[in-house]
Amino acid sequence: VIDELLVVEGQSVAKGEPIAKLISIDAELRVEQAEATLAIREGELNRARAERDAAQVRFDNPVHLLVPLADAQSMLAKTKTELAKIPFLIAASEAQLKFAISSLEGKRAAGEGIARRIVQQAESDHAAARAGMEELQQRKPNLEREADALSSKVEALRKQHALLIEERRQLEEADAKVQSAIALRDEAKLQLRQAQLSLERNTVRSPMDGRILRLIA
């Protein structure tokens, strides 16, 4: 259906010159829809590229892995230091316990010549020294287990830093998303071009050079 005539009777026209427009509202809507879809696809592609760039940075400079590795190494060093102190603490505790035993035995041997309060203090010192000794003896195997666990954690983090398995997977996924977004963007471009061609066909053009002799309503 003709929407608008662009020529009048007696007018000279050149080949390819527009002479009439057909009703094109549907074709115009398809162009607008295709333009909107293309804009969406362009945005998705930009986001995919940003994610891929971020994944590339994490892969090239995995500083995020260095923090837990440094923390684990620090905890391991602290545990080893405490473990190294245990023999000396046990030796000091043994000496303290021996002194407490000797002091208690001496006071008990003195009998009634020593006040009961003094004997009770010696008994308290003896009990405290023995408890401290037992606590140190129990602490050593616990620290050894903790050191073994931290050593395993440090080794695992070192391997993770060296292999970058998760970072490599994220980079590959991000790159795949970019490729998919490019394909969708190109498809949207094609659909827009098709809609534009359809709209252009709503313009009737002169097939040859000539003159408009008569217009028929």
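What counts as what
Residues numbered from 1 in each chain as written. Predicted model: local features only at pLDDT ≥ 70, side-chain atom pairs only at ≥ 80, totals over all residues. Heavy atoms only, no water. Helix = DSSP H or I, 4+ residues; strand = E, 2+ residues; numbered from the N terminus. Rg over C-alpha atoms; globule rule 2.2 N^0.38 Å. Buried < 20%, exposed > 50% of the residue type's maximum accessible area, 1.4 Å probe, protein only. Contact = heavy atoms within 4.5 Å. Areas by Shrake-Rupley, 256 points an atom, 1.4 Å probe, with all protein chains shown as cover. Lys, Arg positive; Asp, Glu negative; His and termini not counted. Charge placed at Lys NZ, Arg CZ, Asp CG, Glu CD. Axes fitted to C-alpha atoms, helices over the stretch in contact; angles between N-to-C directions. Parallel < 35°, antiparallel > 145°, perpendicular 65-115°, else oblique. Left-handed = near helix turned anticlockwise from the far one by under 90°. Salt bridge = Lys/Arg side-chain N within 4 Å of Asp/Glu carboxyl O. Expected span 1.5 Å × (residues − 1). Bend = angle between axes of the 7 residues up to and from the residue. Core = buried A, V, L, I, M, F, W, Y, C linked by side-chain atoms within 4.5 Å. Pairing = 2+ DSSP bridges. Patch = residues over 30% accessible without salt bridge, like charges linked within 9 Å, V, L, I, M, F, W, Y side chains within 5 Å.

**A look at the overall build of the chain**
Part 1 of the argument: When helices and strands are tallied, the chain shows four helices and five strands.
Part 2 of the argument: Taking 2.2 N^0.38 as the reference for a compact globule, 217 residues should give roughly 17 Å; the C-alpha atoms of the chain span a radius of gyration of 44 Å, well beyond that estimate.
Part 3 of the argument: Considered along the principal axes of its C-alpha atoms, the chain spans approximately 145 × 35 × 15 Å.
Part 4 of the argument: Across the 217 residues of the chain, 24% fall into the buried class.
Part 5 of the argument: In the chain, the share of contacts with a sequence separation of at least 24, taken over all contacts with a separation of at least 6, comes to 82%.
Part 6 of the argument: For the chain, the accessible surface area stands at approximately 14,900 Å², while carbon and sulfur atoms represent 55% of it.
Part 7 of the argument: Taking the 33 positively charged and 35 negatively charged side chains of the chain as two groups, their mean positions are separated by 4 Å.

**A word on the packing of helix H1 (residues 25-60) against helix H4 (residues 165-200)**
Part 1 of the argument: The N-to-C vectors of H1 and H4 enclose an angle of 165°; their axes lie 8 Å apart at closest approach. The orientation of H1 relative to H4 falls into the category roughly antiparallel. Relative to H4, the crossing made by H1 is left-handed.

**Brief notes about the pattern of salt bridges**
Part 1 of the argument: All chains considered together, the criterion is met by nine salt bridges.
Part 2 of the argument: The shortest N-O distance in the salt bridge between Arg52 and Asp53 comes to 3.5 Å.
Part 3 of the argument: Judged by relative accessible area, which is 45%, Asp53 ranks as partly exposed.
Part 4 of the argument: Here Glu166 ties to Arg169 by a salt bridge, and the two come within 2.2 Å at their closest N and O atoms.

**Looking at helix H2 (residues 63-109)**
Part 1 of the argument: With 47 residues, H2 extends 68 Å between its outermost C-alpha atoms, agreeing within 8% with the 69 Å of an ideal straight helix rising 1.5 Å per residue.
Part 2 of the argument: The axis of H2 is deflected most strongly, by about 35°, at Ile86, and proline Pro87 appears within four residues downstream.
Part 3 of the argument: Along H2, the residues classified as buried are Leu65, Leu69, Ala72, Leu76, Thr79, Ile86, Ile90, Ser93, Leu97, Ala100, Ser103 and Leu104.

**Side note on H1**
Part 1 of the argument: Here H1 spans 52 Å end to end across 36 residues, near enough to the 52 Å set by a 1.5 Å rise per residue.
Part 2 of the argument: When H1 is considered as a whole, its buried residues turn out to be Ala27, Val31, Ala34, Leu38, Leu45, Ala48, Ala55 and Phe59.
Part 3 of the argument: Considering only its buried residues, H1 is in contact with H4.

**Some thoughts on the nonpolar core**
Nonpolar side chains tend toward joint burial in soluble globular proteins.
Part 1 of the argument: Residues Leu69, Ala72, Leu76, Ala147, Leu150, Val154 and Leu157 constitute the largest nonpolar core, which totals seven residues.
Part 2 of the argument: Elements with a minimum of two residues in this core: H2 and helix H3 (116-163).
Part 3 of the argument: Considering each element in turn, this core owes the most residues, four residues, to H3.
Part 4 of the argument: If near-sequence neighbours (up to four positions away) are discounted, Val154 is found in contact with Leu69, Ala72, Gln73 and Leu76.

**A closer look at the sheet that holds strand S4 (residues 203-205)**
Consider a sheet: its strands pair through backbone hydrogen bonds, and that pairing is either parallel or antiparallel.
Part 1 of the argument: Strand order across the open sheet formed by three strands is S1-S3-S4, with antiparallel pairing between neighbours. At either end of the open sheet lies a strand with only one pairing partner, and these are strand S1 (2-5) and S4. Taken pair by pair, the neighbouring strands of this sheet meet at an average axis angle of 30°, ignoring direction.
Part 2 of the argument: In this structure, S1 lies alongside strand S3 (residues 18-22), joined through three bridges in antiparallel fashion. Within S3, the position partnered with Ile2 by the bridge is Leu22.

**Things to note about a nonpolar patch on the surface**
Part 1 of the argument: A contiguous nonpolar patch, built from Ile2, Leu5 and Leu215 and spanning about 260 Å² of accessible area, is present on the exposed surface.
Part 2 of the argument: Here Leu5 lies in strand S1.

**Concerning the pairing of S3**
Part 1 of the argument: Alignment of S3 against S4, held across three bridges, turns out to be antiparallel. Bridge assignment links Lys21 to a residue of S4, and that residue is Thr203.

**Section: the side chain of Ser93**
Part 1 of the argument: By secondary structure assignment, the location of Ser93 is in helix H2.
Part 2 of the argument: On the basis of relative accessible area, Ser93 is assigned to the buried category, the value being 6%.
Part 3 of the argument: Not counting the four nearest positions on each side in its chain, Ser93 is found in contact with Ala129, Gly132, Met133 and Leu136.

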